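What follows is the residue order along each chain.
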Amino acid sequence: MKIAISGSSGFVGTHLKNFLQERGDTVIPLTRSDFDAELPDSLQRKLAGCDAVINLAGSPINVRWTKQNKELILNSRVEVTRKLVEAINRMEQKPAVFISTSAVGYYPSNGVQTEQSESDPNAFLALVTRRWEAQAAEVSSDVRLVILRFAVVLGKEGGMLPVLLKSFSKRVGVMFGNGKQTFAWIHIDDLMQIFALMLRDRSLSGVFNCVAPGVTDFEALTAEIGFYYKPFIRIQLPPFILKLVFLEGASFILQGQHAVPQRLSALGFRFKYPTLSEAMQAIFK
C-alpha cells in the first residue's frame, strides 16, 4: 500500500512509519510545508495515488496551558485535519481510507466509557477532540473513515514514560496527586497492530478506543516503574503544585478516563500486552 502520514516525525508516527515500511508499504511523510496555505495544491499532489491517509498531527499537550498553548493544541489538530480533508475531497481518485486520530480525553473522568459514551461537555481536551473528530467527519462519503481514540501510548522512546523516568533514574519516585486517578494506556506495539487491522479490514469504520483492557491508576504505574528503578525516596506532588506549573493542564495529569476497547474486543482483537505489568516487562527487558 501507499500510505501518507501527517505527524510522522513524532513518537507514534516514527514507529508507524518504520512498522509500515518493514511490512513492505510505501510511506509518504507529510511535512509542515505540505500544509502551507500559499501552496494549496501541493498537499493534493502529495496524496495522489495513496491508498490510505493517516492523520497523527498535533502539538504536545504536556505543556503549560497558557491561552497561546491551548490555541496551539486545538489549531494544530483541527487545521491540519481540515486541510487534509479538503485535499482528499478535491481529489478525483481518492484514497480508500482516512484514519484520523483522537484521544480518550473525549470522555468524562467518571464512569466506564465505551465508544458510544457521550463527550465531557466542559473539559478543554474534550472540546479539542470533538472539533478534531468533527473536522475528520467532513471527509467524502466515498472514503472509509476510521477515528482512533488513543489512551496514553507507552514506549521507552517517547510519550509520557521517558518524562517519568527522568526522576526515577535519579532514584526519586514521583507521585502526581494521590495516585488514584485512572490511567488508561496502550503499548506502542499493540497500537501498531490496530493500525494494521484498520488498513486491512475494509468493513471497519467509525470510532475505536485504542486502550489496553488493563486500565489501572497512576499509583500502579509508579509502582511498576519503581519495581525496575527502585527509588531511594518517594515524593507525592500535591495538586496545587501541578496547577501552578501546568495551569488548567494539570487536569490531564490529575484526572483520567476509564475507557474500554469495546469494539476491538467484539472483533476478537488480542492485545499482546493486556496488563500494565506485561507492558512494563516488555519495555524494560
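Residues numbered from 1 in each chain as written. Predicted model: local features only at pLDDT ≥ 70, side-chain atom pairs only at ≥ 80, totals over all residues. Heavy atoms only, no water.

Undergrad: Would you explain helix α7 (residues 218–229) in this entry?
TA: An α-helical turn contains 3.6 residues, so any two residues separated by three or four positions project in the same direction. Relative to the 16 Å expected for 12 residues at 1.5 Å per residue, α7 spans 16 Å between its end C-alpha atoms, a close match to the ideal helical length. Those residues of α7 that are buried lie in contact with α5 (160–168), β8 (172–176), β9 (182–183), β12 (216–217), β13 (233–237) and α11 (276–284). For α7, the side-chain oxygen to backbone nitrogen distance between the N-cap and Glu-219 is 3.3 Å, and the N-cap itself is Asp-217. Just past α7, the residue Lys-230 takes up positive phi, approximately 45°. (Helix = DSSP H or I, 4+ residues; strand = E, 2+ residues; numbered from the N terminus. Expected span 1.5 Å × (residues − 1). Contact = heavy atoms within 4.5 Å. Polar contact = N/O pair within 3.5 Å; in protein donor to acceptor, adjacent residues only side chain to side chain.)

Undergrad: Is there a simple way to think about the layout of surface pockets in this case?
TA: Taking a probe equal in size to a water molecule and rolling it over the atoms shows the remaining empty space. Roughly 210 Å³ of volume is contained in the second largest pocket. Along the wall of the second largest pocket there are 13 residues; nearest its centre are Met-1, Asp-51, Ala-96, Val-97 and Arg-202. Partitioned by chemical class, the residues of the lining of the second largest pocket number 6 nonpolar, 2 polar and 5 charged. (1 Å grid on protein atoms, 1.4 Å probe; cavity = no way out; pocket = protein on both sides within 12 Å on 5 of 7 lines; lining within 4 Å. Points joined across faces, edges and corners; volume = space filled by probe spheres on them. Nonpolar A, V, L, I, M, F, W, Y, C, P; charged D, E, K, R; others polar.)

Undergrad: What's the story with the packing of aromatic side chains in this structure? I'm lost.
TA: Pairs of aromatic rings are described using the distance from one ring centre to the other and the angle between the two planes. Enumeration over the complete set of coordinates arrives at 9 aromatic pairs. With 6.2 Å between their ring centres and 85° between their planes, Phe-183 and Phe-218 make a pair best called edge-to-face. Placement of Phe-183 in strand β9 and of Phe-218 in helix α7 is noted, with a sequence separation of 35 residues between them. Judged by its relative accessible area of 3%, Phe-218 falls in the buried class. Joined through ring pairs, the aromatic side chains of Phe-227, Tyr-228, Tyr-229 and Phe-284 make up one cluster. Over the ring of Trp-132 we find Arg-77; its NZ or CZ atom is 5.2 Å from the centre of that ring. Here Arg-149 stacks its cationic end above the ring of Tyr-106, 3.7 Å away from the centre of that ring. (Phe/Tyr/Trp six-rings, centres within 6.5 Å; stacked < 30°, edge-to-face > 60°. Buried < 20%, exposed > 50% of the residue type's maximum accessible area, 1.4 Å probe, protein only. Lys NZ or Arg CZ within 6 Å of the ring centre and 35° of its normal.)

Undergrad: Sorry if this is basic, but what is going on with the pairing of strand β6 (residues 144–150) here?
TA: Successive residues of a regular strand alternate their side chains across the two faces of the sheet. Here β6 lies mainly inside the structure; 7 of its 7 residues are buried. Side chains of β6 alternate between two faces, with Arg-144, Val-146, Leu-148 and Phe-150 and Leu-145, Ile-147 and Arg-149 buried alike. Two strands pair when backbone bridges link them, and strand β4 (residues 97–103) and β6 are joined in this way by 7 bridges, in the parallel orientation. The partner of Ser-102 across the bridge, within β6, is Arg-149. For β6 and strand β11 (residues 206–210), the ladder comprises 5 bridges, and the chain directions are parallel. Residue pairing in the sheet places Phe-150 in a bridge with Cys-210 of β11. (Pairing = 2+ DSSP bridges.)

These figures come from the coordinates and say nothing about function on their own.
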